[in-house]
Every structure is written in C-alpha cells, then in structure tokens.
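# Observations on chain architecture
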There are 2 protein chains.
Amino acid sequence: MNTENAPLKAALAASVTEIEAALDAVLPQEEGPEAPLYAAMRYAVLGGGKRMRGFLVLEGAAQFGVSRTSALRVAAAIEMLHAYSLAHDDLPAMDNDDLRRGKPTLHRAFDEATAILAGDALQAHAFAVLAHEDTHSDSAVRAELCLRLAQASGPRGMCGGQMLDMLAETSSEPATESSIGRLQLLKTGKLIEFSAEAGAILGKAPVQQRHALSAYGRELGAAFQIADDILDATASAAETGKATGKDAGAGKATLVGLLGLDRARSQAERLAEQAARHLDSFGDRADLLRMLAAYTITRRS
Amino acid sequence: MNTENAPLKAALAASVTEIEAALDAVLPQEEGPEAPLYAAMRYAVLGGGKRMRGFLVLEGAAQFGVSRTSALRVAAAIEMLHAYSLAHDDLPAMDNDDLRRGKPTLHRAFDEATAILAGDALQAHAFAVLAHEDTHSDSAVRAELCLRLAQASGPRGMCGGQMLDMLAETSSEPATESSIGRLQLLKTGKLIEFSAEAGAILGKAPVQQRHALSAYGRELGAAFQIADDILDATASAAETGKATGKDAGAGKATLVGLLGLDRARSQAERLAEQAARHLDSFGDRADLLRMLAAYTITRRS
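The following refers to the structure shown. (Residues numbered from 1 in each chain as written. Chains lettered and ligands numbered in written order. Predicted model: local features only at pLDDT ≥ 70, side-chain atom pairs only at ≥ 80, totals over all residues. Heavy atoms only, no water.)

### Considerations on the overall build of chain A
For chain A, the helix and strand inventory stands at 15 helices and two strands. Relative to the globule expectation of 19 Å for 301 residues, the C-alpha radius of gyration of chain A, 18 Å, shows essentially globular dimensions. Here the C-alpha coordinates of chain A stretch approximately 50 × 50 × 35 Å along the principal axes. Counting only contacts in chain A whose residues sit at least 6 apart along the sequence, the fraction spanning at least 24 positions is 72%. Of the roughly 11,500 Å² of accessible surface on chain A, 50% is carried by carbon and sulfur atoms. (Helix = DSSP H or I, 4+ residues; strand = E, 2+ residues; numbered from the N terminus. Rg over C-alpha atoms; globule rule 2.2 N^0.38 Å. Contact = heavy atoms within 4.5 Å. Areas by Shrake-Rupley, 256 points an atom, 1.4 Å probe, with all protein chains shown as cover.)

### Observations concerning unusual backbone geometry
If a residue is not glycine, its phi is most likely negative; likewise, a peptide bond is most likely trans. All names here are of chain B. Although it is not a glycine, Asn96 sits at a positive phi angle of roughly 50°. Following the sequence through the fold, Asn96 ends up in the loop between helix H4 (68–89) and strand E1 (99–100). Look at Asn96 and you get partly exposed, because its relative accessible area is 42%. (Buried < 20%, exposed > 50% of the residue type's maximum accessible area, 1.4 Å probe, protein only.)

### Observations regarding the pattern of salt bridges
All names here are of chain A. Taken as a whole, this structure holds 30 salt bridges over all chains when the rule is applied. For Lys187, the salt bridge goes to Asp89, with nearest N and O atoms at 3.6 Å. In this pair, Lys187 sits in helix H9 (residues 177–202) while Asp89 sits in helix H4 (residues 68–89), placing the two residues 98 residues apart along the sequence. Of the two residues, Lys187 and Asp89, both sit in the buried class. Linking Arg210 and Glu197 is a salt bridge whose minimum nitrogen-to-oxygen distance equals 2.8 Å. Of the two residues, Arg210 is situated in helix H10 (residues 207–234) and Glu197 in helix H9; the sequence distance between them amounts to 13 residues. In this structure, Arg210 and Glu197 share a single accessibility class: buried. Each of Glu144, Arg148, Glu197 and Arg210 takes part in salt bridges that share partners, so that together they form one network. (Salt bridge = Lys/Arg side-chain N within 4 Å of Asp/Glu carboxyl O.)

### A closer look at the interface of chain A and chain B
Taken together, the 46 residues of chain A in the interface contact 46 residues of chain B. A buried area of about 3,900 Å², summed over both sides, lies between chain A and chain B, and 74% of it is on carbon and sulfur atoms. The tally of links from chain A across to chain B stands at two salt bridges. Residue A:Glu34 is joined to B:Arg182 by a salt bridge in which the shortest nitrogen-to-oxygen separation is 2.7 Å. Every element with two or more residues in the side of chain A that touches chain B is listed here: helix H2 (35–45), H4, helix H6 (112–131), helix H7 (139–153), helix H8 (158–170) and H9 of chain A. Class assignment for the residues of the side of chain A that touches chain B results in 30 nonpolar, ten polar and six charged. (Buried area = accessible area lost by both parts, 1.4 Å probe. Nonpolar A, V, L, I, M, F, W, Y, C, P; charged D, E, K, R; others polar.)

### Quick look at the nonpolar core
The biggest cluster of nonpolar side chains holds 181 residues, and the ones touching the most others in it are A:Tyr216 and B:Tyr216. The contacts of B:Tyr216, once residues within four sequence positions are left out, are B:Leu56, B:Ala196, B:Ala275, B:Ala276, B:His278, B:Leu279, B:Leu289, B:Leu292 and B:Ala293. With eleven residues, the next largest nonpolar core counts B:Ile180, B:Ala223, B:Ala264 and B:Ala272 among its residues. (Core = buried A, V, L, I, M, F, W, Y, C linked by side-chain atoms within 4.5 Å.)

### Observations concerning the relation of the copies chain A and chain B
Between chain A and chain B, which share one sequence, the superposing operator has a rotation angle of 180° and an axial displacement of 0.0 Å; the RMSD is 0.0 Å. Each copy turns onto its partner about a two-fold axis. For chain A, the minimum C-alpha distance to the rotation axis belongs to A:Ala143 and amounts to 2.3 Å. Comparing interface residues between copies, 100% of those in chain A also lie at the interface in chain B; the contact surface is shared. (Least-squares fit on C-alpha atoms with pLDDT ≥ 70 in both.)

### Focus: the side chain of A:Asp229
For A:Asp229, the position within the fold is in helix H10. A polar contact of 2.9 Å, which involves the side chain of A:Asp229, links it to the side chain of A:Gln184. (Polar contact = N/O pair within 3.5 Å; in protein donor to acceptor, adjacent residues only side chain to side chain.)

### Remarks on helix H14 (residues 261–277) of chain B
Residue and element names in this part refer to chain B. In this model, H14 (17 residues) spans 24 Å end to end at C-alpha, consistent with the 24 Å of a helix rising 1.5 Å per residue. What H14 keeps buried is the set Ala264, Gln267, Ala268, Leu271, Ala272, Ala275 and Ala276. Where H14 is buried, its residues meet helix H9 (177–202), helix H10 (207–234), helix H13 (255–259) and helix H15 (287–296). (Expected span 1.5 Å × (residues − 1).)

### Here we look at the environment of B:Glu18
Residue and element names in this part refer to chain B. Counting through the fold element by element, Glu18 comes out in helix H1 (residues 6–26). Its relative accessible area of 27% is what places Glu18 among the partly exposed residues. Linking Glu18 and Arg68, residues 50 residues apart in sequence, is a C-alpha distance of 9.8 Å. Apart from residues lying up to four places away in sequence, Glu18 is in contact with Leu58, Arg68 and Leu72.

### Regarding the side chain of B:Asp90
One can find B:Asp90 in the loop between H4 and E1. Dropping the residues within four chain positions of it, B:Asp90 is found in contact with B:Asp95, B:Asn96, B:Asp97, B:Arg100, B:Thr105 and B:His107.

### Comments concerning the packing of H4(B) against helix H6 (residues 112–131) of chain B
All names here are of chain B. At a closest axis distance of 8 Å, the pairing of H4 and H6 adopts a crossing angle of 160°. Compared by their axis directions, H4 and H6 come out roughly antiparallel. For the pair H4 and H6, the sense of crossing is left-handed. Residues Arg73, Val74, Ala77, Met80, Leu81, Ala83, Tyr84 and His88 of H4 form the contact with H6, whose own contacting residues are Ala115, Ile116, Gly119, Asp120, Leu122, Gln123, His125, Ala126, Val129 and Leu130. (Axes fitted to C-alpha atoms, helices over the stretch in contact; angles between N-to-C directions. Parallel < 35°, antiparallel > 145°, perpendicular 65-115°, else oblique. Left-handed = near helix turned anticlockwise from the far one by under 90°.)

### Considerations on the environment of A:Met166
Residue and element names in this part refer to chain A. Here Met166 shows up in helix H8. When its relative accessible area of 16% is taken as the criterion, Met166 is described as buried. When the C-alpha positions of Met166 and Arg210 are compared, they lie 33 Å apart, and in sequence the two are 44 residues distant.

### Digging into the packing of aromatic side chains
Residue and element names in this part refer to chain A. The final tally for this structure, using the stated rule, is five aromatic pairs over all chains. Note on Phe64 and Phe282: the rings are 6.3 Å apart at their centroids and 75° apart in plane angle, and the pair reads as edge-to-face. Taken as a pair, Phe64 in the loop between helix H3 (52–62) and H4 and Phe282 in the loop between helix H14 (261–277) and helix H15 (287–296) lie far apart in primary sequence, 218 residues in all. Relative accessible area serves as the criterion here: at 7%, Phe282 is assigned to the buried category. Across from the ring centre of Tyr43, 4.2 Å away, lies the NZ or CZ of Lys103, which sits over that ring. (Phe/Tyr/Trp six-rings, centres within 6.5 Å; stacked < 30°, edge-to-face > 60°. Lys NZ or Arg CZ within 6 Å of the ring centre and 35° of its normal.)

Encoded structure:
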C-alpha cells in the first residue's frame with residue numbers, strides 16, 4: 001500500500017462501515033409475507049462494493065458541515081440506486097453475468113423475476129429515502145435531491161447510457177472517442193457527478209461551490225471509468241471480484257481498445273488531475289477528495 | 001351505453017386525450033443516439049389504456065381548484081409509473097404476456113433488454129416529472145408527491161404486491177380472502193389510492209379531505225381489482241385488449257375463484273358504495289368520482 005494513501009484508505013474503510021449500517025437501517029427488514037423481496041433487496045445492496053458513490057456524498061457533505069445522518073441517508077439512497085442498476089445490468093437479457101462483488105449475481109442467488117422486481121423496488125426505495133423528512137428538514141432540498149437523482153439515473157442519464165452500451169454491441173459503426181465518452185458519461189458519469197454534488201445540495205452551498213463539486217465528480221467519473229476498463233483488460237477476477245477480460249471478449253469498445261493501454265492511462269491521469277483542480281477553492285477538508293482522484297486511477301480493484 | 005354514464009364517459013374520453021398530450025410533452029422525443037430507448041418508453045406509455053389513475057388525479061385536483069397543468073403532469077407521472085409496472089410484469093421471467101392494450105407487449109415489440117431498461121427509465125422519469133418545479137411551485141408539495149409515489153410503488157406497495165403474486169403461484173398454502181386482499185391492496189390498490197390522494201396534495205387540502213380521497217381511492221381500487229378478476233373470468237380478449245381467462249389458466253387465486261362470481265360481484269358493489277360514501281362531504285364537483293365508483297364494477301373492458 002502506498003503510504004500516502006493511508007488516510008484515504010482508512011476513511012474509505014470507515015465510510016463503508018457507516019454506509020452499510022445506514023443501508024441496513026433504511027432497507028425493509030426480512031419480515032412478513034413479502035420477506036423474499038426484502039431478502040433480495042438486501043442481498044443486492046449489502047455486504048459488498050467499494051461505496052465510492054456513498055463516500056463522495058459523505059465527503060461532499062463534510063465540506064459544508066452537513067449532519068452525518070442526512071449525508072448517510074443520501075449515500076444509502078444512491079448506493080441502492082447503483083445496486084439496482086447492477087442487478088438489472090447482470091440479468092440474462094442484459095450482460096448475463098454470474099459474479100458480482102465476489103458473490104453470485106442477484107438473479108443467480110434468487111431468480112430472474114425476483115431480481116427484476118428487487119431492482120425495481122430498490123429504485124423506488126431510493127426516492128422514498130431522499131423524499132423523507134428524516135433526510136433533511138427543508139423540503140426544497142428533498143425535492144432537489146429527488147430531481148437530480150431522477151435525472152442522473154433516468155432516460156438522459158444512466159438508462160440512456162445503458163441503451164448506448166447495448167446498441168454499441170450490435171452496431172456496425174466503429175466506436176469513436178466521442179461515442180465512448182458519451183456512453184460512459186451517461187452510464188456511470190452522471191450518477192458519480194450527482195454523488196459529488198449531493199453534499200452541496202444538502203448543505204445549501206453557493207452555486208459556485210456546488211458546480212465545483214459537480215465538475216469534480218464529472219471528471220472523476222470519467223477517470224474512474226477508464227481505470228475500470230484498464231482493470232478489465234489487465235486484472236484478474238480474484239482481484240476485482242467480478243468477471244474480467246469481458247470487454248475484449250464481448251468486442252466491447254472502450255478507450256483502452258481504441259487508444260491502447262498507455263494513452264488510456266495518460267488520459268485517466270489527466271482527468272484525475274483536472275478533477276482535483278476543481279477543488280482548489282476548497283480547503284484542507286477536501287484533501288480526501290483530492291486523494292480519491294489520485295487513487296481512482298491507481299487502484300487494482 | 002347506460003345514459004346515466006354519459007357524462008362520465010365524456011369526461012373519461014376527454015381526460016384520455018389530455019393525459020395523452022401531457023405524456024407526449026413530458027416524454028423524451030425520439031432523437032439522438034439514445035432514441036431507441038425513448039421509442040420504447042413512448043411505446044409502453046402512449047396510445048392505450050383507460051388512464052383511470054390519471055383521471056383520478058385530475059378529478060381529485062378539480063376538488064381544490066388545482067391548475068390543470070399541475071394535475072396533468074402528476075397524472076402523466078403516475079401513468080408512466082403504471083406503464084413501467086405493466087411492461088415489467090409482462091416480461092418472460094414474470095407473466096410472459098404477448099398482448100397488452102391490444103398491442104404486442106413491450107418486449108415483443110422491442111426486445112427483453114430494452115423492455116427492462118425502458119421500464120427502469122420510465123420509473124425514474126416519473127420522479128423527475130414530480131420533482132420538477134413545473135409541477136408545483138411549492139417544494140413541499142413536490143417532495144410529498146415523490147415520497148408518496150415511492151411508497152405506493154415500492155417494497156411496501158406495488159413491488160411488495162407483485163412479490164406476493166409471484167409467491168402465490170408456487171405456494172402450497174391455499175389463498176384466503178385476507179391473503180388475496182393484501183396482495184391486491186399492495187399490487188394495485190396503493191397506486192390507485194395515491195392517484196386519488198394526489199389532487200389533495202397538489203391542492204394543499206385539509207387533512208380530512210385528503211384522507212377522504214385516500215379512502216375513496218382505497219375502496220375504489222379494491223372494487224376495481226375484483227371487477228378486473230370478474231372480467232378476466234367472463235370477458236373475451238377482444239373486449240379487454242389483453243389475454244383473458246389467464247387467472248384460471250394459471251391457477252391464480254382470486255376472490256372470484258374463492259367466493260364465486262356472485263359473491264365477488266356483491267363484494268365489489270359494496271366496496272364501490274363505500275368508496276362513494278367517502279365523498280359525502282364533497283359537493284357536486286365530486287359527481288364524476290361518484291359515477292366512476294359505480295362504473296368501475298359494471299364496465300366490460
């Protein structure tokens with residue numbers, strides 16, 4: 001481990017524990033006649049994942065002295081949204097994956113119908129958590145969080161990106177840097193951007209600081225995605241807890257395939273540096289976010 | 001046609017046209033690289049359906065002088081939510097239906113992956129519409145709408161009911177009136193209840209009137225579901241625009257199967273009367289809602 005990263009790793013590990021507890025608290029208990037649904041929702045969300053999106057919420061919120069309870073509920077909502085998207089992406093009709101976060105995928109552990117349904121329920125529940133007054137006493141904040149999550153994950157965000165991903169697999173047109181960039185911005189970038197922005201919304205931050213965090217999240221997300229593609233091309237499943245080498249196998253166009261490993265790496269580095277630069281107006285409190293940008297492109301899982 | 005119903009039928013027909021236009025306005029246009037997703041979303045929602053949920057929103061809102069624009073956006077949001085649930089219920093892993101509203105189901109017209117994704121996007125978009133300031137200038141109203149829609153459609157609402165429906169198909173325990181009642185309350189009742197309540201939220205109605213509309217919607221939803229089961233047992237696919245006789249074919253437990261047609265009919269009648277009685281404190285403006293309760297149990301499609 002790089003010793004420079006020690007504070008980040010400690011903070012990440014602590015936030016994983018906190019976010020896990022927050023998720024456990026907001027998810028329905030496995031009780032009553034609908035318990036199998038709740039079991040599937042919990043399986044899809046709990047006990048795995050780096051919680052990078054949740055960490056971004058917590059660290060963004062920390063810039064503005066937001067209460068930890070508020071920040072953790074928003075982190076939990078975004079992680080539920082993210083978990084639903086993974087569960088649906090893994091379905092036989094989509095990527096048909098068997099392994100996720102080192103465990104059988106949701107439809108493997110349960111069945112396909114339950115996996116579709118638990119994903120649907122997780123999406124609804126994410127909005128229920130954001131819209132609840134326990135998340136913030138100001139309804140304007142709650143409505144804004146709902147709006148931005150819906151935009152980041154909806155037809156012009158994550159779902160739009162997933163459509164591009166599906167289309168790319170059968171398209172006869174060669175992928176370009178621009179088409180891959182759009183795909184990744186929508187599919188993963190928008191939600192990461194919102195995760196970074198959410199703390200500013202919670203803290204009713206001035207628009208300039210809110211935009212700075214959005215921009216940080218946008219560049220971080222782009223760097224993260226290239227790093228993910230590099231990992232897919234170079235790491236083992238044991239390291240990442242999911243199938244690797246998939247992109248090349250599926251003939252999936254990535255920047256790694258298009259630019260080669262070296263140029264993809266320099267681009268990720270450039271993006272990570274740009275991301276950190278958006279935090280220049282923030283003080284020491286943003287150090288963990290700065291470290292995260294650097295770490296994102298050097299991680300091995 | 002029963003002449004008593006003429007004003008209701010005219011109002012229903014007018015609201016279908018208005019809601020269709022509102023849906024067209026809020027749905028993404030089929031443009032840009034993600035157009036196939038938008039086409040699937042539009043196919044799933046436009047050009048079909050009785051729009052009963054939307055009509056409930058409009059008539060509920062009319063009790064409190066809510067602007068038509070606000071009411072129509074909420075009606076559109078609920079119809080998008082409803083359409084996503086139908087698209088997912090129709091999937092091969094769920095009910096595996098080929099016909100819906102007289103047209104091929106979404107996964108038949110497109111493909112399974114697109115049907116899952118368009119459903120996901122419709123759910124997100126419903127929240128985006130509710131949370132947007134075009135829907136209401138008061139953020140407390142927008143947050144409350146998001147919260148109630150998420151609750152009505154989430155793990156303790158519609159998704160919970162769908163789980164019970166799936167479990168009932170393989171359960172060795174015989175269904176009871178109570179277990180069927182819970183299933184139907186969750187699967188369809190909660191969203192119908194919210195549809196009736198939404199106008200009161202938009203109109204910032206006194207709590208008593210809001211509760212009266214909720215109660216109306218709850219009983220109406222229960223009556224509607226029994227009427228639906230009666231239709232499934234007695235009507236043809238040509239009349240209803242979807243496969244019928246399915247419940248008996250699938251060995252699905254319904255109140256019709258449990259109580260027989262006659263007792264199921266009297267129960268639906270009793271519920272419809274109870275529903276109307278919740279409107280006693282409302283004036284003539286609620287006449288269409290009263291007529292709807294009576295019509296719900298006599299319709300043939």
